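Notes for the structure review
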Amino acid sequence: MQPLLSIRRVTKRFGGVVALCDVSFDIQPGKFHAIVGENGAGKSTLMKILSGVIPEFDGEILLRGEPVRFSGTRDAEQAGIAIIHQELNLVEQLSVAANIFLGREKRGALGWLDDRAMEAAAAELFERLGCRIVPTQLVSELRVGDQQLVEIAKALSLDADILIMDEPTSALTEGEVERLFGVIERLRQRGVTILYISHKMDEVFRLSDQITVLRDGKFIATKARKDVSAKEVTHLLVGREIEDSASRTLRQTGDVLLQVRGLHLPRSGHAQQWRLKDISFELRRGEVLGIAGLMGAGRTELLECLFGISPESPTGEVLLNGRSLRLSEPIDAMNAGLALVTEDRKRLGLFGHMSVRENITICTLHEMTSLGLLSSQAESTRARDAVAQLRVKTASTESPVLSLSGGNQQKCIIARWLETKPTVLLLDDPTRGIDVGAKAEIYSVIDQLCRDGLGIIVTSSELPELITLCDCILVLCEGRMTGQFQRGEFSEQAIMEAATRRGA
């Protein structure tokens, strides 16, 4: 059978960084073909070449046996190739429906935009996805998970023959993931070829027909799913054994560091009056405290309250080292010794027009300034040390931060906040979209920070991650605390039962 797509000796360089080196493999029609590898392995770069996002490269792409080179995404879409990006590419000031049909707007007989037709088509797409997103709502008003569903709906609207999915489930709840898998199965029955990038081995082995492994920009192997195990694939993509974070010796926690008493966060103009209601807990020195819950449970809202960025003013009391804090804005939290790594890396975490160095040092420039003058040497040294500590893969600290893979961008954000030497580090789903090797490195950093006396609060949409990382897990459901578990009490079943237990 002739391959639908043939990738022949494709090479791509960004300055001094070789993102892809002489990559060749075939993709068969109608198959679910998983592409796996660590952050920086070249997966997203290759998919951007196939979808026309990156038009310049060395090598050749054959589509149905014919050489193709797309000048842009519109070219690729006309050839039947659509992509769902890992990093959201939506216009926040436009409605959901307008984003889905941006550049392909439906028009009436007189050439006027037909908003009703676009809204109806968008509603039909969301019905297929089994989600309740209002087509007229502004994208800026949506949470990350809903924005990702808009990206998926946008790609489905193209009726492509080849659908590229780059980490499509990274911000979805378990229910939304199951509905997406149902949509994928229906697409496969229609003969759509799916290229699927994921770091989640359970997804890869549940769905794929074939698995291609990339490492450091090079092709390593293509395996039939039935002929390989998850452990073998992990070893191929990393090229080394991954240390089991759960096997480390137990941490010794110290005195109470942070106390939260009776925290309430109101929700104006909504039937459910509270985003958070009567939340109380303690964080000890050297402890990792996990916050579990389904999407909408209040995990992100809790961290936003602690960092002074809530849309409405919370009530209750927050004490750090026994001293009551007033956290009305982020500078108050920073000065008190708190730091927050946000869930939405691209929109809220990165300064996209800046370099790696500038992204890392931007919160601590005053420490490298004398008589109003910034020491560029001191700044560069701090940035290089941070890059080395977190093993950020970059050609230089002067490289644009957006030239890095998603996982390395996340490491830059974590490095920035570690530069502020916080007492309490707040991590909101910090490994979303990060591969197994980079996750292990971040777990190691978290563990060492705790052993050095830091207190860490972490949310995650992946229960196994919380069970691996945490000393204690709090569970939220609809803004209420419905469970608290110590390490010896952890079980996925018990945590999920608490996460679905509505409060009184």
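Residues numbered from 1 in each chain as written. Predicted model: local features only at pLDDT ≥ 70, side-chain atom pairs only at ≥ 80, totals over all residues. Heavy atoms only, no water.

**Regarding the packing of aromatic side chains**
Overall, the coordinates contain 3 aromatic pairs when judged by the stated rule. Look at Phe-32 and Tyr-196: their rings are 5.0 Å apart centre to centre, the planes differ by 45 degrees, and that puts the pair in the tilted class. Of this pair, Phe-32 sits in strand β3 (residues 32-36) while Tyr-196 sits in strand β8 (residues 193-197), and the two are 164 residues apart along the sequence. Looking at Lys-12, its charged tip hangs above the ring of Phe-14, at a distance of 5.3 Å from the centre. (Phe/Tyr/Trp six-rings, centres within 6.5 Å; stacked < 30°, edge-to-face > 60°. Helix = DSSP H or I, 4+ residues; strand = E, 2+ residues; numbered from the N terminus. Lys NZ or Arg CZ within 6 Å of the ring centre and 35° of its normal.)

**What about the state of the cysteines?**
Under the counting rule described, the total for this entry stands at 0 disulfides. Residue Cys-450 stays outside any disulfide, its sulfur separated by 9.2 Å from that of Cys-470, the closest cysteine. Cys-450 sits in the buried class, given a relative accessible area of 3%. Not part of a disulfide, Cys-472 finds its nearest cysteine sulfur in Cys-470, a span of 8.3 Å. (Disulfide = S-S within 2.5 Å. Buried < 20%, exposed > 50% of the residue type's maximum accessible area, 1.4 Å probe, protein only.)

**A short note on the sheet that holds strand β9 (residues 210-215)**
In any sheet, the strands associate via hydrogen bonds between backbone groups, in a parallel or an antiparallel arrangement. Pairing within the open sheet is mixed, and its 6 strands lie in the order β6-β7-β8-β3-β9-β10. The sheet terminates laterally at β6 (81-84) and β10 (218-224), the two strands that pair on one side only. Neighbouring strand axes in the sheet, compared pairwise and without regard to direction, differ in orientation by 15 degrees on average. Both β9 and β10 contribute to a ladder of 6 bridges, which runs antiparallel. By the bridge assignment for β10, Val-213 is matched with Ala-221. Its contacts with the sheet place helix α8 (residues 230-238) against β3, β9 and β10, and it is angled at close to 30 degrees to β9. (Pairing = 2+ DSSP bridges. Axes fitted to C-alpha atoms, helices over the stretch in contact; angles between N-to-C directions. Contact = heavy atoms within 4.5 Å.)

**Quick notes on the sheet that holds strand β15 (residues 323-325)**
One open sheet accounts for 4 strands, arranged β12-β11-β14-β15; its pairing is antiparallel. The strands lining the two open edges of the sheet, one partner per strand, are β12 (274-284) and β15. Sheet twist, expressed as the mean angle between neighbouring strand axes with direction ignored, is 20 degrees. Along the sheet, helix α9 (residues 299-306) makes contact with β11 (256-266), β12 and β14 (315-320), crossing β12 at roughly 65 degrees.

**So, the pattern of salt bridges**
Enumeration according to the criterion identifies 17 salt bridges in this entry. Here Arg-190 and Asp-159 are joined by a salt bridge, their closest N and O atoms 3.8 Å apart. Of this pair, Arg-190 sits in the loop between α6 (174-189) and β8 while Asp-159 is found in the loop between α5 (144-156) and β7 (162-166), placing the two residues 31 residues apart along the sequence. Residue Asp-159 is classed as exposed on the basis of its relative accessible area, which comes to 52%. Each member of the salt-bridge network shares a partner with another, and the members are Glu-185, Arg-188 and Asp-209. (Salt bridge = Lys/Arg side-chain N within 4 Å of Asp/Glu carboxyl O.)

**Describing α5**
The terminal C-alpha atoms of α5, which comprises 13 residues, lie 19 Å apart, in line with the 18 Å expected from a rise of 1.5 Å per residue. Counted residue by residue, α5 has 11 buried out of 13 residues, so it is predominantly covered. Within the span of α5, buried status applies to Val-144, Gly-145, Gln-147, Gln-148, Leu-149, Val-150, Glu-151, Ile-152, Ala-153, Ala-155 and Leu-156. Against the buried residues of α5 lie β6, α3 (96-100), α4 (115-129), β7, α6 and α11 (345-349). (Expected span 1.5 Å × (residues − 1).)

**Structural notes on the environment of Glu-178**
Mapped onto the fold, Glu-178 is located in helix α6. The exposure class of Glu-178 is partly exposed, given its relative accessible area of 42%. C-alpha separation for the pair Glu-178 and Gly-286, spaced 108 residues apart in sequence, amounts to 37 Å. Side-chain polar atoms of Glu-178 contact the side chain of Arg-206, separated by 2.9 Å. (Polar contact = N/O pair within 3.5 Å; in protein donor to acceptor, adjacent residues only side chain to side chain.)

**Considerations on the nonpolar core**
Residues Leu-338 and Ile-457 are the most contacted members of the largest nonpolar core, which totals 75 residues. Ranked by residue count, the leading element in this core is helix α15 (residues 436-451), at 7 residues. Ignoring any residue separated from it by four or fewer positions in sequence, one finds Ile-457 in contact with Leu-258, Phe-281, Leu-283, Leu-289, Ile-291, Leu-303, Leu-306, Leu-425, Leu-426 and Leu-427. (Core = buried A, V, L, I, M, F, W, Y, C linked by side-chain atoms within 4.5 Å.)

**Overview of the pairing of β8**
Most of β8 is tucked away, with 5 of its 5 residues classed as buried. The side-chain alternation of β8 yields two buried faces, one formed by Thr-193, Leu-195 and Ile-197 and the other by Ile-194 and Tyr-196. With 4 bridges joining them, β3 and β8 adopt parallel strand pairing. Its bridge partner being in β8, Ala-34 is matched across the sheet by Tyr-196. Note: β7 against β8, 5 bridges, orientation parallel.

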